[in-house]
Amino acid sequence: MSSQRFLAFGLRFYVVIFFIYLFLPLIIMAAATFNDSRFPTVTPWDGTTLRWFGELAADRGMWQALRNSLIVAAGVLVVAVPIGIATALFLNTVTSRAKPFLYALILSPLLTPGVIIGISTLIFWRQFGVSGGIFLTVLGQATFIAAYVMLMVTARLQRFDRTMERAALDLGASQWQMFRRILLPYLKPALYSAAVIAFLQSFENYNTTLFVVGYDTTLTVYIASKVRTGLTPAVNALGLILILVTILFAAIYELKRRREAARAVQGV
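Basis of the calculations
Residues numbered from 1 in each chain as written. Predicted model: local features only at pLDDT ≥ 70, side-chain atom pairs only at ≥ 80, totals over all residues. Heavy atoms only, no water. Helix = DSSP H or I, 4+ residues; strand = E, 2+ residues; numbered from the N terminus. Expected span 1.5 Å × (residues − 1). Buried < 20%, exposed > 50% of the residue type's maximum accessible area, 1.4 Å probe, protein only. Arc of directions from axis to C-beta. Contact = heavy atoms within 4.5 Å. 1 Å grid on protein atoms, 1.4 Å probe; cavity = no way out; pocket = protein on both sides within 12 Å on 5 of 7 lines; lining within 4 Å. Points joined across faces, edges and corners; volume = space filled by probe spheres on them. Nonpolar A, V, L, I, M, F, W, Y, C, P; charged D, E, K, R; others polar. Core = buried A, V, L, I, M, F, W, Y, C linked by side-chain atoms within 4.5 Å. Axes fitted to C-alpha atoms, helices over the stretch in contact; angles between N-to-C directions. Parallel < 35°, antiparallel > 145°, perpendicular 65-115°, else oblique. Left-handed = near helix turned anticlockwise from the far one by under 90°. UniProt positions renumbered as here; feature names shortened; annotations may be inferred. Salt bridge = Lys/Arg side-chain N within 4 Å of Asp/Glu carboxyl O. Phe/Tyr/Trp six-rings, centres within 6.5 Å; stacked < 30°, edge-to-face > 60°. Lys NZ or Arg CZ within 6 Å of the ring centre and 35° of its normal.

Novice: What am I meant to see in helix α5 (residues 114-126) here?
Specialist: Residues spaced three or four apart along an α-helix point in a common direction, a consequence of the helix completing one turn every 3.6 residues. A rise of 1.5 Å per residue sets the reference length of α5, with its 13 residues, at 18 Å; its end C-alpha atoms lie 18 Å apart and thus fit the reference within 8%. For α5, every residue scored as buried is listed here: G114, I117, G118, T121 and L122. Taken around the axis of α5, the buried residues stretch over an arc of 125 degrees, which confines them to a single face. Looking at the buried positions of α5, the neighbouring elements they touch are α4 (99-111), α6 (134-157) and α9 (207-212).

This is the structure:
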């Protein structure tokens, strides 16, 4: 009994330490937003202020960089999600001994340093007269982000009952009808998750983006440049806004999910 209590205490202690480790930097970052110090810190506390939100609103370079990051992330979704879906569907049909090799080949960009992907993408497309910019950033990021999409869709496909697919085809449905009415609705949860992960991976990417972004600037590249020239708590203000927006969307999603679950229970 004592060993079970010790194990339960150890588990609770670990969970508490984990959440402290996870959220304490975010809390400190948020608190630094309201410190009157020109440096993003909470010590020493020079007074409470809201002026860094004004500094953020006046920083056109940061808003332009945020706009570019959102454009790149949207472009990556358009490119990486269809490629990831197609790759997962292709691997799901391969039954030969070449499947492990193809699987490893498709996952290889995830194991390649982002610096290498960025440099190789820039060198390759320069041969065709394409210089760095948002377009090349989308292509460079989609190279490895498509593999994340493929992994999530593949995991969902492994639980798919193939007899439903064969039954639809036997009843006269075309391949497109079977995909649209049976397979696609089944894959929707994985597709939503893959799209969110692809968006976040693109939004926070730095190593690959640095070499292919050219004269355009994404948010991560802009913040890195500000670190060298002098970082102010305006960055903390932007981080706090992004955290609040994320929490808002998460709360909306959870409320929607609970309502759908309640409707399903009432329907039963």
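Novice: I keep staring at the layout of surface pockets and nothing clicks. Help me out?
Specialist: It is the rolling of a water-molecule-sized probe over the atoms that shows where space remains empty. In this structure, the largest pocket occupies an estimated 1,000 Å³ of space. Forming the boundary of the largest pocket are 24 residues, of which V196, L200, T246, F249 and A250 lie nearest the centre. Elements with a contribution of two residues or more to the lining of the largest pocket: α3 (60-93), α8 (175-204) and α11 (234-267). Broken down by element, the residue count for the lining of the largest pocket peaks at eleven residues, all from α11. Of the residues contributing to the lining of the largest pocket, the split by class is 17 nonpolar, two polar and five charged. Space inside the second largest pocket adds up to approximately 190 Å³. If you list the elements that add at least two residues to the lining of the second largest pocket, you get α8, α10 (219-229) and α11. If one sorts the elements of the lining of the second largest pocket by residue count, α11 sits on top with five residues. Tallied by class, the residues present in the lining of the second largest pocket amount to eight nonpolar, three polar and one charged.

Novice: When you look at the nonpolar core in this model, what are you seeing that I'm missing?
Specialist: Nonpolar side chains tend to gather and get buried jointly when the protein is soluble and globular. Core analysis: the largest hydrophobic core is formed by 28 residues, its most contacted members being V153 and L183. If you list the elements that add at least two residues to this core, you get α3, α6 and α8. In terms of residue count, α6 provides more of this core than any other element does, ten residues in total. Each residue touching L183, except ones within four places of it in the same chain, is listed here: L89, L157, F160 and M178. Membership of the second largest hydrophobic core comes to eleven residues, among which are M62, L66, F203 and A234.

Novice: Please explain the packing of α3 against α6 as it appears in this structure.
Specialist: Describing two packed helices takes the angle between their axes plus the distance from one axis to the other. Put simply, α3 and α6 touch, their axes get as near as 6 Å, and they point 40 degrees apart. By the criterion of interaxial angle, the relationship of α3 to α6 is oblique. As for the relative orientation of α3 and α6, their crossing is right-handed in sense. Of the residues that constitute the contact of α3 with α6, the class distribution is 20 nonpolar, eight polar and no charged.

Novice: I would appreciate a short explanation of the UniProt feature "transmembrane region" (unreviewed entry) in the protein chain in the present structure.
Specialist: Here, UniProt's "transmembrane region" (unreviewed entry) annotation points to residues 12-34, 70-91, 103-125, 131-154, 183-203 and 234-253. Helix makes up 100% of residues 70-91 and strand 0%, and the two end C-alpha atoms of the span are 31 Å apart.

Novice: How should I be thinking about the pattern of salt bridges in this particular structure?
Specialist: Any two side chains of opposite charge can pair if their charged atoms end up close together. Evaluation of the coordinates by the stated rule reveals three salt bridges. For R51, the salt bridge identified is with D36, shortest N-O distance 2.9 Å. Remark: D36 occurs in the loop between α1 (2-32) and α2 (51-58) and R51 occurs in helix α2; sequence separation between them is 15 residues. You can call R51 partly exposed: its relative accessible area is 34%. Salt-bridge contacts for R258 lead to E254; the nearest nitrogen and oxygen are separated by 3.0 Å. Here E254 and R258 lie together in helix α11, a separation of four residues that amounts to about one turn. A residue is classified by how much of its surface remains accessible, and E254, at 26% relative accessible area, is partly exposed. Where salt bridges share partners, they join E254, R257 and R258 into one cluster.

Novice: Help me understand the packing of aromatic side chains in this model?
Specialist: A ring pair, where both rings are aromatic, is described by two values, the distance of the centres and the angle of the planes. Within the structure shown, the criterion is met by twelve aromatic pairs. Considering the side-chain rings of F9 and F13, the 6.4 Å spacing of their centres and the 20 degrees angle between planes classify their relative orientation as stacked. Taken together, the positions of F9 and F13, both in helix α1 and four residues apart, correspond to about one turn of that helix. Both residues of the pair, F9 and F13, belong to the exposed class. Measuring from ring centre to ring centre gives 6.0 Å for W125 and F128, while their planes differ by 55 degrees; the resulting arrangement is tilted. For W125, a relative accessible area of 27% corresponds to the partly exposed category. Through pairs of rings, three or more aromatic residues link up here, namely Y14, F18, F19 and F23. The ring of W52 carries R51 above its face, with NZ or CZ at 4.0 Å from the centroid. Residue placement shows R156 over the ring face of Y186; its charged tip is 4.1 Å from the ring centre.

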